Amino acid sequence: MNICVVALGKIGLPLAVQFASKGHRVLGADVSERVVQLVNDGAVPFPGEADLDVKLKEAVAAGLLSATTDTAAAVAESEAVVVVVPLFVDAEGVPDFGWMDDATRAIARGLKPGTLVSYETTLPVGTTRSRWASMLSEGSGLTAGTDFHLVFSPERVLTGRVFADLRRYPKLVGGIDEASAAHGVRFYEAVLDFDERPDLDRPNGVWDLGSAEASELAKLAETTYRDVNIGLANQFARFADTVGVDVTKVIEACNTQPYSHIHSPGIAVGGHCIPIYPRMYLWNDPAATVVRSAREANAAMPDYAVDLLAAAYGDLTGVGVLVLGAAYRGGVKETAFSGVFPTVEALRRRGATPYVSDPMYSNEELAAHGLPGYDGEPLGAAVIQADHAEYRNLTPADLPGVTVLVDGRRVTDPARWAGVRRVVIGG
Ligand SMILES: NC(=O)c1ccc[n+]([C@@H]2O[C@H](COP(=O)([O-])OP(=O)(O)OC[C@H]3O[C@@H](n4cnc5c(N)ncnc54)[C@H](O)[C@@H]3O)[C@@H](O)[C@H]2O)c1
């Protein structure tokens, strides 16, 4: 098969490499000349994806993967087109389709009869049928469903372990009609391999969800579920604080019963996905009060962590407070919607002087994100925002002057913090 992957980002490039590893000829299309050049040289444009460097080199050397900025031409040569151009959502949950519209118009220009188009970017429910089908039809003069096939197939992998996740999770597909779905299922069966999953009721593989809308909703539902679950855990944690109970012991105990899956409370829910997709869901379903409240509960957590600090430390005016961790989670160099930003803001509102450090970022890199780096200034307190592995062995000797530590992720070892007030969320 000739396959075009549109957008060679953290998801699209591993996908392109995966398809090539199955012997297909893959054309990657990206608007970035830098990305196209690097891929054609067999060099990864971003760090952190397991096995990508070796697999990319192999695919390019075998002549099975090449990249171009000419999306329409790549689409014209392909029987299947997979689209993973990002969609942005603002703070109110309103999607900005700009990049995806540009990509879709370019795809339409190259679209030929019989081609399968699969959107993998997380989308509001209804977008594939209402927006992409008509845009592709207008631009190509072809009729969706009759002349070309159109499916939505959400990408559920985590960056850093894309190849393993592609094997592990069922590939969900939903078509705008039965023929589209059948083509989508056949396509993904030809480009993916699946691990055995005895824990599932159905064999692991490509699962047809029955419609593009069901497939769109599946991605929003699984991610929104996590945000809502964390919101509940955070409310339990705040209540536990008022009654002197350690919430993690309670959650651990609850989860020994097979119907309880309470997630972990913490200072923030960050990243591209979990804080964003509930907002996208709410754009579809504004009456979803549970989703809205959970999002509000999670968004309030950085403020709550700083409230805990102030309650333990006293007046924070003029106090140097080090925020440990700019990344939204441990081990990833990514600050998208990271809790570091509202934590720094909350500290400033309290009159403190916040600094930020992170083992993955230099002070220059932090400054580029608008964050105040740390250069040994005097400190009175510290707040752990990301669960970097490096923080597990942190001791008071690493933070001279600090008399209160708010460990927002429970990564530090309480035994090492004798002499310093260590506060946790829900502790
Ligand atoms: N990153 C994740 O962890 C993750 C996980 C699951 C699903 N997803 C989904 O994948 C989508 C893409 O995420 P990503 O992390 O790969 O993005 P990314 O930011 O790493 O890469 C985006 C790429 O798109 C390219 N691009 C922009 N406009 C384009 C256009 N018109 N035509 C062709 N290329 C264009 C950019 O040049 C860039 O190379 C997300 O929006 C999300 O829906 C992401």
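Quick caveat: nothing in here was measured; it's all calculated off a predicted structure.

Rules and cut-offs
Residues numbered from 1 in each chain as written. Predicted model: local features only at pLDDT ≥ 70, side-chain atom pairs only at ≥ 80, totals over all residues. Heavy atoms only, no water. Pairing = 2+ DSSP bridges. Helix = DSSP H or I, 4+ residues; strand = E, 2+ residues; numbered from the N terminus. Axes fitted to C-alpha atoms, helices over the stretch in contact; angles between N-to-C directions. Contact = heavy atoms within 4.5 Å. UniProt positions renumbered as here; feature names shortened; annotations may be inferred. Parallel < 35°, antiparallel > 145°, perpendicular 65-115°, else oblique. Left-handed = near helix turned anticlockwise from the far one by under 90°. Nonpolar A, V, L, I, M, F, W, Y, C, P; charged D, E, K, R; others polar. Domains from an automatic or database assignment. Buried area = accessible area lost by both parts, 1.4 Å probe. Buried < 20%, exposed > 50% of the residue type's maximum accessible area, 1.4 Å probe, protein only. Right-handed = clockwise from strand over helix to strand, strands pointing away.

A look at the sheet that holds strand S15 (residues 421-424)
Then, in step 1: Here 5 strands make up an open sheet; going across it, the order is S12-S11-S13-S14-S15 and the pairing parallel. Every interior strand has two partners, whereas the edge strands, strand S12 (353-357) and S15, have only one. Direction aside, neighbouring strands of the sheet carry axes that sit 20 degrees apart on average.
Then, in step 2: Relative to strand S13 (residues 381-384), strand S11 (residues 320-324) runs parallel, the two being bridged by 4 bridges. Its bridge partner lying in S13, valine 321 is registered against alanine 381.
Then, in step 3: Relative to strand S14 (residues 404-407), helix H13 (residues 301-313) is tilted by about 155 degrees, and along the sheet it contacts S11, S13, S14 and S15.

Overview of the UniProt feature "domain: UDP-glucose/GDP-mannose dehydrogenase C-terminal" (unreviewed entry) in the protein
Then, in step 1: Here, UniProt's "domain: UDP-glucose/GDP-mannose dehydrogenase C-terminal" (unreviewed entry) annotation points to residues 322-414.
Then, in step 2: The straight-line gap between the two end C-alpha atoms of residues 322-414 is 19 Å; of that span, 17% is helix and 17% is strand.

Quick word on the packing of helix H5 (residues 98-110) against helix H6 (residues 127-140)
Between two packed helices, what matters for the description is the angle formed by their axes and the separation of those axes.
Then, in step 1: Here H5 crosses H6 at 40 degrees, and the two axes come no closer than 7 Å. Here H5 lies oblique to H6, going by the angle between them. As for the relative orientation of H5 and H6, their crossing is right-handed in sense. Residues Met100, Asp101, Thr104, Arg105, Ile107, Ala108 and Arg109 of H5 pack against Arg131, Trp132, Met135, Leu136, Gly139 and Ser140 of H6.
Then, in step 2: When the residues that make up the contact of H5 with H6 are grouped by side-chain class, the tally is 6 nonpolar, 3 polar and 4 charged.

A few points about the domain arrangement of the protein
Size of an interface: often given as the accessible area lost when the parts come together.
Then, in step 1: Domains assigned within the protein are domain 1 (2-210) and domain 2 (247-427).
Then, in step 2: The straight-line distance from the C-alpha centre of domain 1 to that of domain 2 is 35 Å.
Then, in step 3: Facing 15 residues of domain 1, the contacting portion of domain 2 comprises 8 residues.
Then, in step 4: Between domain 1 and domain 2, the buried area comes to about 930 Å², and carbon and sulfur atoms account for 65% of it.

Quick notes on the pairing of S13
Then, in step 1: Of the two faces of S13, the one carrying Ala381 and Val383 and the one carrying Ala382 and Ile384 are both buried.
Then, in step 2: Bridge count for S13 against S14 is 4 bridges, and the pairing is parallel. Following the sheet pairing, alanine 381 is matched in S14 by valine 404.

A look at the environment of isoleucine 267
Then, in step 1: Structurally, isoleucine 267 is set in the loop between helix H10 (247-254) and helix H11 (277-284).
Then, in step 2: Residues isoleucine 267 and asparagine 298, spaced 31 residues apart in sequence, show a C-alpha to C-alpha distance of 8.2 Å.
Then, in step 3: Sequence-distant contacts of isoleucine 267, that is, excluding residues within four places in its chain, are made with Met301, Pro302, Ala305, Thr343, Val383, Ile384, Gln385, Gly408, Arg409 and Ile425.

Let's talk about the pairing of strand S8 (residues 149-152)
Then, in step 1: Of the two faces of S8, the one lined by His149 and Val151 and the one lined by Leu150 and Phe152 are each fully buried.
Then, in step 2: Looking at chain direction, strand S7 (residues 116-119) and S8 are connected through 4 bridges and run parallel. Across the sheet, the residue bridging to leucine 116 is histidine 149, located in S8.
Then, in step 3: What joins S7 to S8 is H6, and the crossover it makes is right-handed.
Then, in step 4: Where S8 lies against strand S9 (residues 171-175), 2 bridges are found, and the strand directions are antiparallel. Its bridge partner lying in S9, phenylalanine 152 is registered against glycine 174.

Description of the side chain of serine 260
Then, in step 1: With respect to the helices, strands and loops of the structure, serine 260 is situated in the loop between H10 and H11.
Then, in step 2: Here serine 260 falls in the buried class, since its relative accessible area comes to 16%.
Then, in step 3: Beyond its immediate chain neighbours, meaning those up to four positions away, serine 260 contacts Cys254 and Asn255.

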